[in-house]
Amino acid sequence: DTFQQAKWPTHYVALTSHSGKSRALYFTPYPSFDAWEKDTAAQAKNASLSAALDKAIVSDGDLLDGLDQAVAVYSEEMSYHAKPDLSHARFLDLSVYHVRPGHQKDWSDLVKLVISGYQKAGTPAHWAMFNMVYGRPGGDYLVLSSKASMTELDAEFGDKNFEKALGEEGMKKLGELEAASVDTID
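Residues numbered from 1 in each chain as written. Predicted model: local features only at pLDDT ≥ 70, side-chain atom pairs only at ≥ 80, totals over all residues. Heavy atoms only, no water.

### A look at the pattern of salt bridges
Rules: A pairing counts as a salt bridge when a side-chain nitrogen of Lys or Arg comes within 4 Å of a carboxyl oxygen of Asp or Glu. Only DSSP runs of H or I covering at least 4 residues are called helices, and only runs of E covering at least 2 are called strands; the numbering of each starts at the N terminus. The classification of residues rests on relative accessible area computed with a 1.4 Å probe and restricted to protein chains. Under 20% of the type maximum is buried, over 50% is exposed, and intermediate values are partly exposed.
Applying the stated criterion across every chain yields a total of 7 salt bridges. One salt bridge in this structure joins D34 and K38, with 3.0 Å as the shortest N-O distance. Taken together, the residues span about one helical turn, with D34 and K38 both in helix α2 (residues 33-45) at a distance of 4 residues. Here D34 falls in the partly exposed class, since its relative accessible area comes to 39%. Residues joined in a network through salt bridges with shared partners are R136, D140 and D186.

### Brief notes about the environment of K7
Note that K7 resides in the loop between α1 (2-5) and β1 (13-16). Sequence separation of K7 and E176 is 169 residues, and the distance between their C-alpha atoms is 51 Å.

### A closer look at the nonpolar core
Here is a general trend for soluble globular proteins: nonpolar side chains tend to be buried in one another's company. How we decide: Here, nonpolar core refers to any group of buried Ala, Val, Leu, Ile, Met, Phe, Trp, Tyr and Cys residues whose side-chain atoms link them within 4.5 Å.
Counting residues in hydrophobic clusters, the biggest one holds 19 residues, and the most contacted among them are W107, L110, W127, M129 and L174. Those elements giving two or more residues to this core turn out to be β3 (71-80), α4 (104-121), β5 (127-134), β6 (140-147) and α6 (161-181). Broken down by element, the residue count for this core peaks at 6 residues, all from α4. The next biggest cluster of nonpolar side chains, apart from the first, holds 6 residues, and it includes A128, M132, L142 and L144.

### Description of unusual backbone geometry
One non-glycine residue, K7, adopts positive backbone phi at about 55°. Classification of K7 by relative accessible area gives exposed; the value is 74%.

### Structural notes on a nonpolar patch on the surface
Where we set the bar: For patch building, the residue pool is restricted to those with more than 30% relative accessible area and no salt bridge; the joining distance is 9 Å between like charges and 5 Å between nonpolar side chains (Val, Leu, Ile, Met, Phe, Trp, Tyr). Every accessible area reported is derived by Shrake-Rupley at a probe size of 1.4 Å, with residue values counting cover from the shown protein chains alone.
Nonpolar side chains collect at one region of the surface, where F33, W36, V73, V133 and Y134 lie side by side and expose about 440 Å² of accessible area between them. Broken down by secondary-structure element, the contributors of at least two residues to the nonpolar patch are α2 and β5. Given a relative accessible area of 33%, V73 falls into the partly exposed group.

### Quick look at the packing of α2 against helix α3 (residues 47-61)
Selection criterion: Axis definition: a line fitted to C-alpha atoms, limited for helices to the stretch in contact. Angles are taken between N-to-C directions and run from 0 to 180 degrees. Roughly parallel covers angles under 35 degrees, roughly antiparallel covers those over 145, roughly perpendicular covers 65 to 115, and oblique covers all other angles. Any two residues whose heavy atoms approach within 4.5 Å are treated as being in contact. Each residue receives one of three labels: charged for Asp, Glu, Lys and Arg, nonpolar for Ala, Val, Leu, Ile, Met, Phe, Trp, Tyr, Cys and Pro, and polar for the others, Gly being one of them.
The N-to-C vectors of α2 and α3 enclose an angle of 95°; their axes lie 5 Å apart at closest approach. Classed by the angle they form, the pair α2 and α3 counts as roughly perpendicular. Contact residues: Q43, A44 and K45 in α2; A47, L49, S50 and L53 in α3. Tallied by class, the residues present in the contact of α2 with α3 amount to 4 nonpolar, 2 polar and 1 charged.

What follows is the structure in C-alpha cells.
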C-alpha cells in the first residue's frame, strides 16, 4: 500500500461489496475539515507519495468503470449506539437514504421514532449516520452498521421486538414518515 510505504499517519478503511454492483469503497476519517485540508496539503508536498499515488490512479484507471467522491459529516443525534471501532467488523451494512426536499423534519421524526423503537425493544441494533454534505445530491444520509458475522443478520431479520415495541400505531406512523420523507434508498 502506498500510504503504508510512506509511513503516512492517516489511515483509511477499504470495503468491497458482497451484493449489488461490484465496487470498492474507501473511507478516510478526519476529526475536522481543517485536518483534512492539512493532510491533503502534506500529501501534495511529499513528492514521492504524490508520484506513487498518481501512478496508482493511472494503473487503476483501466480497471475502473467510475470514480465518485463524497464528504460525510457524522450526526450523533441520528446515530444509535454507533461503533466507531471497526477492527472486529467483518461486514458493514451500508445504506444511503435520499430525503425529499422540504421533508427534513419528517426525516428527523422518522429517525427519532426508529431510535425510540430500538430502545424500547432492547435489541443490539446499532448504526452511525452521516449527512452527505459534498459530492452527493442534497438530502443524502449514509447509514453504516458493522457486523462481526452474518449470524447477526440472521438475528436481526428474525427479531420482531422492534415491531412489538412500536405497536400497530407506531408502525403506521413509521410508514407514513418514511413515505413522506424518503425518496430513495441505495
